[in-house]
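Residue-level listing of the chains:
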Amino acid sequence: MDQLLQHIANALILGGTYALLGIGLTLILGIMKVVNFTHGELYSFGGFMAYFFVSALGWNFFLAMAVSIMLGILLGACIERVFLRRMRNADIDSTMIVMIGCWIALQNIALLIWGGVAKSVPTPFSTEPLIIGPISISWLRVVLGAAMILILATYLLINKSPLGKAMRATFQDRETASLMGININAIYTVTFALGSGLAAAAGALLGPVFVVTTTMGNMAALKAFAIVILGGLGSIPGAAIGGFILAFAEELGSGYVSSGYRDAMGFILIILVLMFKPTGLFYVRGERIG
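Residues numbered from 1 in each chain as written. Predicted model: local features only at pLDDT ≥ 70, side-chain atom pairs only at ≥ 80, totals over all residues. Heavy atoms only, no water.

Draft legend 1. Spotlight on the side chain of lysine 119. Counting through the fold element by element, lysine 119 comes out in the loop between α4 (92-114) and β1 (130-132). Despite its burial, lysine 119 pairs with no opposite charge, the nearest such side chain being glutamate 41 at 15 Å. Reaching out from lysine 119, the side chain makes a polar contact with the backbone oxygen of tryptophan 114 at a distance of 3.2 Å. Those residues in contact with lysine 119, other than ones at most four positions away along the chain, are Phe48, Tyr51, Trp114, Val211 and Val212. (Helix = DSSP H or I, 4+ residues; strand = E, 2+ residues; numbered from the N terminus. Buried < 20%, exposed > 50% of the residue type's maximum accessible area, 1.4 Å probe, protein only. Lys, Arg positive; Asp, Glu negative; His and termini not counted. Salt bridge = Lys/Arg side-chain N within 4 Å of Asp/Glu carboxyl O. Polar contact = N/O pair within 3.5 Å; in protein donor to acceptor, adjacent residues only side chain to side chain. Contact = heavy atoms within 4.5 Å.)

Given below as structure tokens:
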């Protein structure tokens with residue numbers, strides 16, 4: 001029982017960052033109809049920025065996390081403005097090719113700047129774990145609770161703010177939203193920037209827990225797509241819950257089957273789910289985004 005409680009605690013903490021990845025991707029896919037292949041690179045960008053500010057510049061750890069997320073938002077806005085805006089009326093195949101090119105370019109730029117050696121992000125936390133009954137949690141993993149705050153803030157932004165209403169209106173009918181005075185170009189830029197910032201946040205939060213590498217975004221992107229499909233395309237609650245489901249599948253699979261199959265366990269679960277519910281667990285027709 002003690003071991004089970006430990007796995008559940010680890011999965012809850014990890015699930016928050018997985019949910020950030022999934023929510024960021026489902027926003028872009030649901031509103032912009034863009035398959036964002038750069039999502040994994042934006043994730044690794046957040047990790048490298050955290051490493052740069054903390055290790056190279058000696059910044060405060062929490063300030064470095066916040067600035068890394070803001071830079072992820074800025075990079076996402078630049079990608080949308082430079083590449084995607086001019087592809088607005090192009091077919092999906094052309095847009096996918098452009099995004100794949102951006103993904104490859106970003107990964108190679110990161111390799112050129114940072115090299116192929118894994119980086120470790122210094123932290124101010126004690127190496128002594130936090131003990132809660134039979135559960136032992138690293139103080140660093142407690143920081144991942146910040147992911148829950150970001151998830152809640154994103155949900156409130158989409159469902160309770162005027163900006164969120166404009167985003168949902170754009171998703172439902174772009175032409176009618178434009179006629180009602182909504183700046184579609186601005187909404188698309190904000191959407192891509194927000195999704196990118198959530199990916200960078202996941203990288204910045206997970207980077208100190210593990211290590212930062214130039215290829216860390218590859219598996220993160222696969223997991224993000226898997227979470228979106230598992231939760232139901234365009235469903236923000238579905239993406240959040242899908243992130244936790246994937247985290248539980250990985251944690252329990254590695255604990256009770258084999259750690260070598262950690263990544264495989266989540267995808268096996270997704271395959272099984274989609275065999276019986278191809279639209280995902282939480283997709284409801286007419287109730288996407290929000």
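Having seen the model, we can carry on.
Draft legend 2. Summary view of α4. The end-to-end C-alpha separation of α4 is 33 Å, in line with the 33 Å expected for 23 residues at 1.5 Å each. Within α4, burial applies to Thr95, Met99, Cys102, Gln107, Ala110 and Trp114. Where α4 is buried, its residues contact α2 (39-56), α3 (61-84), α9 (184-206) and α10 (216-231). Its side-chain oxygen 3.1 Å from the backbone nitrogen of aspartate 93, aspartate 91 forms the N-cap of α4. (Expected span 1.5 Å × (residues − 1).)

Draft legend 3. Representation of the environment of isoleucine 227 in the model. Take isoleucine 227: it is sitting in helix α10. Given the relative accessible area of 0%, isoleucine 227 is considered buried. Every residue in contact with isoleucine 227, bar those within four places of it in the chain, is listed here: Tyr18, Gly22, Ala239, Gly242, Gly243 and Leu246.

Draft legend 4. Here's a closer look at the pattern of salt bridges. In the structure shown here, the tally under the stated rule is four salt bridges. Ionic pairing is found between glutamate 80 and arginine 85, a salt bridge with its closest N-O pair at 3.7 Å. Taking relative accessible area as the criterion, glutamate 80 reaches 0% and is therefore assigned buried. Between glutamate 80 and arginine 88 there is a salt bridge; the shortest N-O distance is 2.7 Å. Because the salt bridges share partners, they merge into one network encompassing Glu80, Arg85 and Arg88.

Draft legend 5. Just the packing of α2 against α3, in detail. Axis separation between α2 and α3 bottoms out at 8 Å; the angle between their running directions is 140°. In terms of orientation, α2 and α3 fall into the oblique class. For the pair α2 and α3, the sense of crossing is right-handed. Across from Leu42, Phe45, Gly46, Met49, Ala50, Phe53 and Val54 in α2, the residues of α3 making contact are Phe61, Ala64, Met65, Val67, Ser68, Leu71, Gly72, Leu75, Gly76 and Ile79. (Axes fitted to C-alpha atoms, helices over the stretch in contact; angles between N-to-C directions. Parallel < 35°, antiparallel > 145°, perpendicular 65-115°, else oblique. Left-handed = near helix turned anticlockwise from the far one by under 90°.)

Draft legend 6. Expanded view of the packing of aromatic side chains. Within the structure shown, the criterion is met by eight aromatic pairs. For the pair phenylalanine 53 and tryptophan 59, a centre-to-centre distance of 4.4 Å together with 15° between the ring planes defines the contact as stacked. On the accessibility criterion, phenylalanine 53 (7% relative accessible area) is buried. Judged by centre distance (5.6 Å) and plane angle (85°), the rings of phenylalanine 61 and phenylalanine 62 are edge-to-face. In this structure phenylalanine 62 comes out as partly exposed when scored by relative accessible area, which is 47%. (Phe/Tyr/Trp six-rings, centres within 6.5 Å; stacked < 30°, edge-to-face > 60°.)

Draft legend 7. How the structure looks around the side chain of serine 254. In this fold, serine 254 is placed in helix α11 (residues 236-256). Once residues within four sequence positions are removed from consideration, serine 254 is found in contact with Ser259 and Arg262.

Draft legend 8. Focus on unusual backbone geometry. The residue lysine 33 is not glycine, and still its phi comes out positive at about 60°. Turning to its location among the elements, lysine 33 is positioned in the loop between α1 (2-32) and α2.

Draft legend 9. The packing of α10 against α11, seen in detail. One way to put it is that α10 packs onto α11 with a least axis distance of 8 Å and a crossing angle of 115°. α11 is crossed by α10, and the crossing has right-handed handedness. Residues Lys223, Ile227, Leu230 and Gly231 of α10 form the contact with α11, whose participating residues are Gly238, Ala239, Gly242, Gly243, Ile245, Leu246 and Glu250. Along the lines of polarity and charge, the residues of the contact of α10 with α11 split into five nonpolar, four polar and two charged. (Nonpolar A, V, L, I, M, F, W, Y, C, P; charged D, E, K, R; others polar.)

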